[in-house]
Amino acid sequence: MTEPALTDQNPTAPRPSTSSSTTGGPGVVPSFADVPAGRPRTRFAVVGTGHRAGMYVTAITGDHADVAELVAWCDTNPGRMDFYDAEAGAALGLGGPAGLPQYGPEDLERMVAEQRVDAVVVTTPDFTHAELVARAQAAGVDVVVEKPLATTAEGCRTIIESVAATGRDLTMTFNYRYAPRNSSLREVIASGAIGTPTSVHFEWVLDTVHGADYFRRWHRRQRNSGSLLIHKAAHHFDLVNWWLDDAPARVFASAGLQFYGDENAAERGLGERPERGTGVTGDPWALDLTRDPRLQALYLDSEHHDGYLRDRDVFTPGIDIHDNMALVVDYRRGARMSYSLNAHSPWEGYNVAVNGTQGRAELTVVERGAVEVAPDGRVVLDASANPEAPGATASRPEGERLLVQRHWEPARDVAIPAGIGGHGGGDAILLMDVFRRDLRLGPDPLGRAAGYLDGVRAVAVGVAANQSLATGRAVGIDELGLGVEL
Ligand SMILES: NC(=O)c1ccc[n+]([C@@H]2O[C@H](COP(=O)([O-])OP(=O)(O)OC[C@H]3O[C@@H](n4cnc5c(N)ncnc54)[C@H](O)[C@@H]3O)[C@@H](O)[C@H]2O)c1
């Protein structure tokens, strides 16, 4: 298989360092049987045609075109549907747009019936997932949904009840599980090398480019994203649940908005700020949509349809999420976690330490060592374009390291196999599992494929954290009234 284009990647996210491999290491890249002759392809509709949809469109029209086909678009914005229709047409070699039918979300059920849809990919803003998933399942189709599964306890209940009532399949696309470094940590813990896990220390830092991006658009409102404790940390909480093979029991949270937003800007004397980044020069906080053809087409050229501004200034009023978050989480089988997330760090990456009864494992990842500012005052979005840039040579090199140290023994490095594609080498492997899991040769010893309960387990930590912030006390997961044993 060829390496997919990086259309999934938010252009503000660090570029994956392992993307040059097209084969991947043994153990992390599964094998699949050939498609049985004459088997019909699964008919997919994409619901939500923003940036993230690109990964799925590329997969369905490329590597997985033998098992899946696109049959319709569903979005509130015709500009973005047209964009992907043109992309799909080009990918399929049609010499023009694919001409697939377009529907608004109010016509989801009609779309399923008219286009004989088998499955939908849901890549809409987080707060819409629960309703769209439940409606799609009620209409009789399987669902592939981006994280987070939902943003509230009520949303989780909606999906739990929907799966129970319809029996339809739900694939939760937790791509971070598929990054080989994260898979390797799971293997180390599952092997028993550090004994029974007793505690986890997990720190994730988002830098002033990628972290800032969550304060520009819908994510900046808690009602849309559930805050970064759900939108972003759902990835991290899923990893911990999966690494420990455990479920959360109780959460205490502390968080604040201490860097972004108008009040912090005024306090730090930042002066008058522009409303949006497009057209602004010499400002590292400005995202200029005209400098990325994809962002321009998807957002700037489509904003006359719905007024969705992709490039709002991160110091404008109206932000009610946090940029500094700290949690204490207890797990059912007795481990505990101290977790922190910062969204204005000068570098991006994470440190995880897992203590166990027989030793300790430590995973250290630098995804972007420094944010570079070009001579024109703008930040460099893709530093890999300039190998001489400071980020590549500074004292914080991009990379990953997994160390295991058993009691009474020296630390040893654990080799991390190569991945393929974006997000630490995990996205392309995730897509294989999404589109051809039924053809897999043998089960996945890593247990990476995630379903709705994994989605609920991850979101539950964030929901409980938000309740803890509101009440000032620790919140038990059983207080959320999810109606299922996690
Ligand atoms: N796994 C990852 O690493 C990853 C990365 C990026 C985004 N995501 C997730 O993907 C989803 C989409 O993110 P994005 O950055 O592409 O957002 P986006 O805002 O760029 O795109 C969302 C699209 O949904 C459309 N939309 C809004 N409401 C809708 C509705 N009710 N019905 C149908 N369409 C609707 C919008 O018009 C837009 O085209 C989010 O849930 C996000 O958390 C996951």
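Treat the numbers as computed from the prediction; the structure is a model and nothing was measured. (Residues numbered from 1 in each chain as written. Predicted model: local features only at pLDDT ≥ 70, side-chain atom pairs only at ≥ 80, totals over all residues.)

Draft legend 1. A look at the overall build of the chain. The helix and strand tally for the chain stands at 16 helices and 15 strands. Projecting the C-alpha coordinates of the chain onto the three principal axes gives extents of approximately 65 × 60 × 50 Å. Looking at the chain as a whole, 49% of its 486 residues qualify as buried. Sequence-distant contacts in the chain: of pairs separated by 6 or more residues, those separated by 24 or more amount to 77%. (Helix = DSSP H or I, 4+ residues; strand = E, 2+ residues; numbered from the N terminus. Buried ≥ 20, exposed ≤ 12 C-beta atoms within 10 Å, placed from the backbone. Contact = placed C-beta atoms within 7 Å.)

Draft legend 2. The arrangement of the site of the ligand in detail. In the vicinity of the ligand lie 23 residues, with Gly48, Gly50, Arg52, Pro105 and Glu146 positioned nearest. A class-by-class count of the residues in the shell around the ligand yields four nonpolar, 13 polar and six charged. (Near = placed C-beta within 6 Å. Nonpolar A, V, L, I, M, F, W, Y, C, P; charged D, E, K, R; others polar.)

Draft legend 3. Quick look at the sheet that holds strand β9 (residues 324–331). Here we have nine strands laid out as an open sheet, ordered β14-β13-β12-β11-β7-β10-β9-β8-β15, and mixed in their pairing. Single-partner strands in this sheet number two, and they are β14 (412–413) and β15 (475–476). Examined bridge by bridge, strand β11 (residues 348–356) and strand β12 (residues 359–368) share nine bridges and lie antiparallel to one another. In the sheet register, Gly356 faces β12, and the bridge partner there is Gly359. The sheet strands contacting helix α6 (residues 180–190) are β7 (197–207), β11, β12 and β13 (399–406), and the helix crosses β12 at an angle near 180°. Running over the sheet, helix α16 (residues 452–471) touches β8 (248–256), β9 and β15 and is turned about 50° from β8. (Pairing = 2+ DSSP bridges. Axes fitted to C-alpha atoms, helices over the stretch in contact; angles between N-to-C directions.)

Draft legend 4. Focus on the sheet that holds strand β2 (residues 68–74). Within the open sheet, the six strands sit side by side as β3-β2-β1-β4-β5-β6. Their pairing is parallel. Every other strand in the sheet has two partners, leaving β3 (102–103) and β6 (170–172) as the edge strands with one partner each. Summarising the sheet, strand β5 (residues 142–145) and β6 pair through three bridges and their orientation is parallel. By the bridge assignment, Val144 is partnered in β6 with Thr171. Lying on the sheet, helix α4 (residues 129–138) is in contact with β1 (42–47), β4 (119–122), β5 and β6; it crosses β5 at an angle near 160°.

Draft legend 5. Summary view of unusual backbone geometry. Cis geometry marks the peptide bond from Lys147 to Pro148, where omega comes out at -10°. Looking at where Pro148 falls in the secondary structure, it is placed in the loop between β5 and α5 (153–166). For Arg116, which is not glycine, the phi torsion reads 50° and is therefore positive. Here Arg116 lies in the loop between α3 (108–114) and β4. Positive phi, normally seen in glycine, also occurs at Trp408, with a value near 70°. Within the secondary structure, Trp408 is located in the loop between β13 and β14.

Draft legend 6. Region of the structure containing the UniProt feature "domain: Gfo/Idh/MocA-like oxidoreductase N-terminal" (unreviewed entry) in the chain. Mapped onto this numbering, the UniProt entry gives "domain: Gfo/Idh/MocA-like oxidoreductase N-terminal" (unreviewed entry) at residues 43–172. Within residues 43–172, the helical portion is 42% and the strand portion 19%, while the C-alpha atoms at the span's ends are 18 Å from each other. (UniProt positions renumbered as here; feature names shortened; annotations may be inferred.)

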